[in-house]
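Residue-level listing of the chains:
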Amino acid sequence: CRTMAVLMRTIVSNLCRVDSSTVVRSGCLTIRQHGGEHLYTNLRLFGTKQKKPMSPHLKRAARFAGIGFAMGGLATSAYLYDLYQRIKTPVKNPAGVSDYELKDKPPEFPPSRTIQVPTDSTGLKITLYQYQTCPFCCKVRAFLDYSGFNYDVVEVNSVTRTQTKWTTYRKVPFVVIEMNNQEFLQLKDSTMIISALQSILHNRSESLKNLLKSYPIMSYTNEEGKAISEIMNRYFLMYGQHPPGRAKTDILDERKWRKWVDDVYVHMLSPNVYRTMDESLQAFNWFDKAGNWEKHFATWERYLVLYVGALAMYLIGKRLKKRHQLKDDVRLSFYEETNIWLKAIKKKGTKFMGGDEPNLSDLAVYGVLMAIEGCDAFDDLKKNTKIKYWYENMKEVTSQHGGAPLANQRGQIA
């Protein structure tokens, strides 16, 4: 104890003589005194360090920085409040106007071609607005052909879009249906178009106009404040009552594969069709012939679409490859997804996914592949998978309007 007391007195005595030459180094107190230097390890000097007065320039800079931070905070708060107001307030549909009913007769455009099926007894005058090689437009054409509907095709000019300027819905495909009572309906979105028309063939207790109420369009704003419209129930068929001869699992399976086509399979196309600049040009040259662009485009428009479009889609294809996480060799992703489809059919042991006759999922896959039939990517697909046999069977049954008996039995549609 005595030794400890002596030691403490010594420390206090030395601390009392610490002058301005005292410095702190990493937890050590260093004291310069009478030319000597004493280190007291692990002893911290607690004290108040005298601050130098701030220069006028620094004070001015600090003041401006404070004002800037305050203004930035106010601006951020105002933006977040505005965004919150837009997100919580839905975008309202026009009051008193049906989602699909046209108030006025649309302008008439000369059809690029007319499809007539003698067995069609529905009485519907259908006009399809499309791009010839758009996968979603091809889906609708495959369904209309297989089902045996009469319809006109209006080819939309992708540069001027003259044929769609009359409507607020500018995306293709869309279908305009003239009813017997001179009413006009506009069906939107390839999947919804197919679901609605397939439903009306089965459901004889509903008018088409009433049935469309089962596909309401919900409008809202997303997290970024962008207005979004979404068609509810677009993968559902409104049978009215359970259709004879169809198991519930079969209906669910068809719906699952239709959704797979839209969410997965269709995204294989662009990165493969436009994989290289040469392939992109080859694809656009085929689109030119398949779509008869020479007839529908002015010369300058045709060459603009041909060459500028090929370059643009080549660049977009690269971006889509990354977005949808395709393999470095995009062909492998294309083959892999195609084999998933073929294995599912093989597991069923049937000719088509729908059995002996195709269902809507068969028509969806066939439609999107029909869009690239003349491209190098499709040639490679036939060589590296067993899709050719299924595809040729689908082509035959579609061209022969294999589903036409249903439309014939349905009769007049109100």
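Residues numbered from 1 in each chain as written. Predicted model: local features only at pLDDT ≥ 70, side-chain atom pairs only at ≥ 80, totals over all residues. Heavy atoms only, no water.

Under the annotation held in an unreviewed UniProt entry, the protein chain carries the name Glutaredoxin domain-containing protein and is attributed to Meganyctiphanes norvegica. Quoted verbatim from the Function (unreviewed entry) field of UniProt, the annotation for the protein chain is "Has a glutathione-disulfide oxidoreductase activity in the presence of NADPH and glutathione reductase. Reduces low molecular weight disulfides and proteins." In UniProt, the protein chain has this text filed under Sequence similarities (unreviewed entry): "Belongs to the GST superfamily." (UniProt positions renumbered as here; feature names shortened; annotations may be inferred.)

## Some points on the overall build of the protein chain
From N to C terminus, the protein chain includes 15 helices and 11 strands. When burial is assessed residue by residue, the protein chain has 42% of its 414 residues classed as buried. Across the protein chain, the fraction of contacts at a sequence separation of at least 24, relative to all contacts at a separation of at least 6, is 65%. Element-wise, carbon and sulfur atoms account for 56% of the exposed surface of the protein chain, whose accessible area totals about 24,000 Å². (Helix = DSSP H or I, 4+ residues; strand = E, 2+ residues; numbered from the N terminus. Buried < 20%, exposed > 50% of the residue type's maximum accessible area, 1.4 Å probe, protein only. Contact = heavy atoms within 4.5 Å. Areas by Shrake-Rupley, 256 points an atom, 1.4 Å probe, with all protein chains shown as cover.)

## Observations regarding the nonpolar core
One finds Ile177, Leu187, Tyr265, Trp341, Leu369 and Trp390 to be the most contacted residues of the largest nonpolar core, which totals 85 residues. By residue number, the principal contributor to this core is helix H12 (residues 360-370), which donates 8 residues. Excluding anything up to four places from it in sequence, tryptophan 390 contacts Trp341, Leu342, Ile345, Lys351, Phe352, Asp362, Val365, Tyr366 and Leu369. (Core = buried A, V, L, I, M, F, W, Y, C linked by side-chain atoms within 4.5 Å.)

## Digging into the packing of helix H6 (residues 248-263) against H12
Taken N-terminus to C-terminus, the directions of H6 and H12 make an angle of 15°; their axes are 8 Å apart at the nearest point. In terms of axis orientation, H6 runs roughly parallel to H12. Of the two possible hands of crossing, H6 and H12 adopt the one that is left-handed. Contacts between H6 and H12 involve Glu254, Trp257, Arg258, Trp260 and Val261 from the first element and Leu360, Ser361, Ala364, Val365 and Val368 from the second. A class-by-class count of the residues in the contact of H6 with H12 yields 7 nonpolar, 1 polar and 2 charged. (Axes fitted to C-alpha atoms, helices over the stretch in contact; angles between N-to-C directions. Parallel < 35°, antiparallel > 145°, perpendicular 65-115°, else oblique. Left-handed = near helix turned anticlockwise from the far one by under 90°. Nonpolar A, V, L, I, M, F, W, Y, C, P; charged D, E, K, R; others polar.)

## A word on helix H3 (residues 135-147)
The end-to-end C-alpha separation of H3 is 18 Å, in line with the 18 Å expected for 13 residues at 1.5 Å each. Taken across its 13 residues, H3 has 11 buried, putting it largely inside the fold. Positive phi appears at glycine 148, one or two residues downstream of H3, with a value of about 80°. (Expected span 1.5 Å × (residues − 1).)

## A word on the environment of isoleucine 200
Take isoleucine 200: it is sitting in helix H4 (residues 190-202). Take isoleucine 200: its relative accessible area is 0%, and that puts it in the buried class. Sequence-distant contacts of isoleucine 200, that is, excluding residues within four places in its chain, are made with Glu206, Ser207, Leu208, Leu211, Arg410 and Ile413.

## A short note on the packing of aromatic side chains
Using the criterion set out here, one finds 19 aromatic pairs in the structure. Here tyrosine 366 and tyrosine 391 contribute two aromatic rings whose centre-to-centre distance is 5.1 Å and whose plane-to-plane angle is 45°, an arrangement assigned as tilted. In this pair, tyrosine 366 is assigned in helix H12 and tyrosine 391 in helix H14 (residues 387-399), connecting sequence segments 25 residues apart. The pair tyrosine 366 / tyrosine 391 is uniform in exposure class, with both members buried. Among the aromatic residues, those joined into a ring-pair cluster are Trp257, Trp260, Tyr265, Phe334, Trp341 and Trp390. (Phe/Tyr/Trp six-rings, centres within 6.5 Å; stacked < 30°, edge-to-face > 60°.)

## Quick notes on the sheet that holds strand E9 (residues 184-188)
Sheet architecture is open: 6 strands sit in the order E4-E9-E8-E6-E7-E5, paired in mixed fashion. The open sheet has two free edges, formed respectively by strand E4 (101-102) and strand E5 (113-115), since each of these has just one partner strand. Note that strand E8 (residues 174-178) and E9 share 5 bridges and pair antiparallel. Bridging from a neighbouring strand, glutamate 178 pairs with phenylalanine 184 of E9. Against the sheet, H3 contacts E5, strand E6 (125-130), strand E7 (151-155) and E8, and its axis sits at roughly 155° relative to E6. Most of the contacts of H4 go to E9, to which it runs at about 125°, and overall it touches E8 and E9. (Pairing = 2+ DSSP bridges.)

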